[in-house]
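Working through the structure, step by step
Listed below, chain by chain, are the residues.
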Amino acid sequence: MRARPYCVVMALLLLTEVSRLGEGASNPGFVARITRHGVTYARDYGIAILKNELSTIRMPDFSGSFKIGWMGSVSYEFKSLRISSFKIRNSDLSLQPGQGVRASLSNVYVSLSGYWKVKKAFITLEGSFDVNADGISISISLNLGKDNSGRPTASVGHCDNSIGHVSVHISGSLSWILNLFHERTEDNLKKVLSQKICEMVRKSTNSYLEPYLRSLPVTMMIDQVAGIDYSLVGAPQATSTFLDTPFKGEFFHLSQRSPVSFDVPPIGLPQEDDQMIYFAISEYVFNTASWVYYQAGHMNFTIRNEHIQNLTKLVNNQSTSEWNPPCPTSESTDVPTLMSCISSSLLPLLREITLDFPIHLHTKSFEAVIPQLNELYPNMELELETSPESAPFLNFTPGNVTLMPVMNVQVFVLLPNSSDRKPLFQLRARTNISASINVSSSRISGSLTPGSKLQLELIHSNVSFFSLESMETILNHYAAYFIYPSVNAKLKEGFPLPLPRDTYLNSLTLQIHKNFLLLGAKID
């Protein structure tokens, strides 16, 4: 079942009251902004729902007695009261800077009907009656608390109403008897109706809004490694047209949570209000994710021969009709000859062509790059290990998301008939990477594409000097066909937005600003 649209926006509107908690003013990683369109949306749907709820008010039966001259004391009873019509002619929902959310209904009309009974000794008379109540005004203010977990709690801070005029029309045998004390009847009905209106407002808040707010996620598990913290922080800022609600927006390690060692940059939201709601997601959110997975060792890659064999099968299934390289590419071609050809004449073009030949992690395959390697370790397999020197951080600039990772690459030879391996050389690799951010109705995902070739620096070598240029060619292909696909497969999973249950976004827009991205949307 879908959530009531009114609750979706109202859940965020109510967060203004958190400002009463007086918490610190640390920068949030995530901000939700409600615009005037969102307020209008909440008003229209909220009034419709409130009207429906108020129309279900169950009026209690009431009874009493009165004296009529020579007849003496007569008892009466009004029962089976029900609302037959409920009209709201004027309504308003507004943000009150520093106060909260205020809803007001005015010029409300209610009609009720029911049955009456009069009893004197053994004589009983009964009939029907109609009540018209007009000029009703209702004023509601909504407060929000916050539990220890950072989840909001809603309550009605103030509810007041006034009823301008009530008229009772009684029909039935001897109805003139009841008309003798219609003022008392009207006063009783006005008192009961006034009490029931605010009672129903509080009930609706407790039954619908409060449970809906409790479904707002505070922490969410991403996978077996990380979770994300969406608890409320700081003091939301409300104006007459905007409401900005701050969330922590921080990834954390599930097994051992530790403080992040870098600060949250400020988010300067633009004055846009075309959409109902905006989400400002700081680069801090993404960088805490990078920090957590780096600390957990999930950015380290080991490339072995079996990976290359799987790659070869994949590439051999791809069409090679789109290019015609000058070097021979058949499986019978001597690999050293092939590598020499590529290194000398095709280095600038190698990144642009499809890899349809196997470069095995084998000492003989690398003979063209490191001539002595196969002599020192004949016909032995190699292993590559790559790991970042530090957690790679995204950099948000207007229209672009980039990162500049620095990777350590170590190459080992696997000794035959043994589980031992010997280090051959260590490289430092630098590159520029472009990131693309994708947003669905409830998740944010991404992908990486190389912005430049890997630039290598030799850190240490236990073998003779070799050409870094040729090694760059090989490693660029390993990165393009193994590392990038592995990373992008994980990034494609993305992470969820902090939305209450059964809430989805549509008509999405995405802008990249300095330090943050801005997601605009309408709400389902």
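Above: the structure in question.
For the structure given in this document, a descriptive report is provided here.

What counts, and at which threshold
Residues numbered from 1 in each chain as written. Predicted model: local features only at pLDDT ≥ 70, side-chain atom pairs only at ≥ 80, totals over all residues. Heavy atoms only, no water. Helix = DSSP H or I, 4+ residues; strand = E, 2+ residues; numbered from the N terminus. Buried < 20%, exposed > 50% of the residue type's maximum accessible area, 1.4 Å probe, protein only. Contact = heavy atoms within 4.5 Å. Pairing = 2+ DSSP bridges. Disulfide = S-S within 2.5 Å. Axes fitted to C-alpha atoms, helices over the stretch in contact; angles between N-to-C directions.

**So, the side chain of Ser111**
- Within the element layout of this structure, Ser111 appears in strand β4 (residues 100–120).
- Here Ser111 falls in the buried class, since its relative accessible area comes to 8%.
- Other than its neighbours up to four places away in sequence, Ser111 contacts Arg82, Ile83, Ser84, Ser85, Val131 and Asn132.

**A word on the pairing of strand β20 (residues 433–439)**
- Both strand β17 (residues 400–403) and β20 contribute to a ladder of two bridges, which runs antiparallel. For Leu403, the partnering residue across the bridge sits in β20 and is Ile433.
- Note: β20 against strand β21 (residues 443–450), seven bridges, orientation antiparallel. Bridge pairing in β21 links Ile433 to Pro450.

**Considerations on the state of the cysteines**
- Scanning all chains against the criterion turns up one disulfide.
- A sulfur-sulfur distance of 2.1 Å marks the disulfide that ties Cys159 to Cys198. The chirality of the disulfide connecting Cys159 with Cys198 is left-handed, given an S-S dihedral of about -85°. Of the two residues, Cys159 sits in strand β6 (residues 152–162) while Cys198 sits in helix α4 (residues 182–214), which places them 39 residues apart along the sequence. Considered together, Cys159 and Cys198 belong to a single accessibility category, that of buried residues.

**Quick look at the environment of Ser80**
- You can see Ser80 is positioned in strand β3 (residues 72–96).
- Between the C-alpha atom of Ser80 and that of Met59, which follows or precedes it by 21 residues, the distance is 7.8 Å.

**Some points on the environment of Gly72**
- Note that Gly72 resides in strand β3.
- Taking relative accessible area as the criterion, Gly72 reaches 23% and is therefore assigned partly exposed.
- Between the alpha carbons of Gly72 and Lys120 there is a distance of 8.9 Å; along the sequence they are 48 residues apart.
- In contact with Gly72, not counting residues within four places along its chain, are Phe66, Lys67 and Lys120.

**Examining the sheet that holds strand β12 (residues 250–253)**
- Pairing is antiparallel across the open sheet formed by three strands, whose spatial order is β8-β9-β12. Two strands in the sheet have a free side with no partner beyond their single neighbour: β8 (219–221) and β12. When the angles between neighbouring strand axes are averaged without regard to direction, this sheet yields 30°.
- Here three bridges tie β8 to strand β9 (residues 226–229), and the two strands are oriented antiparallel to one another. Within β9, the residue paired with Met221 across the bridge is Gly227.

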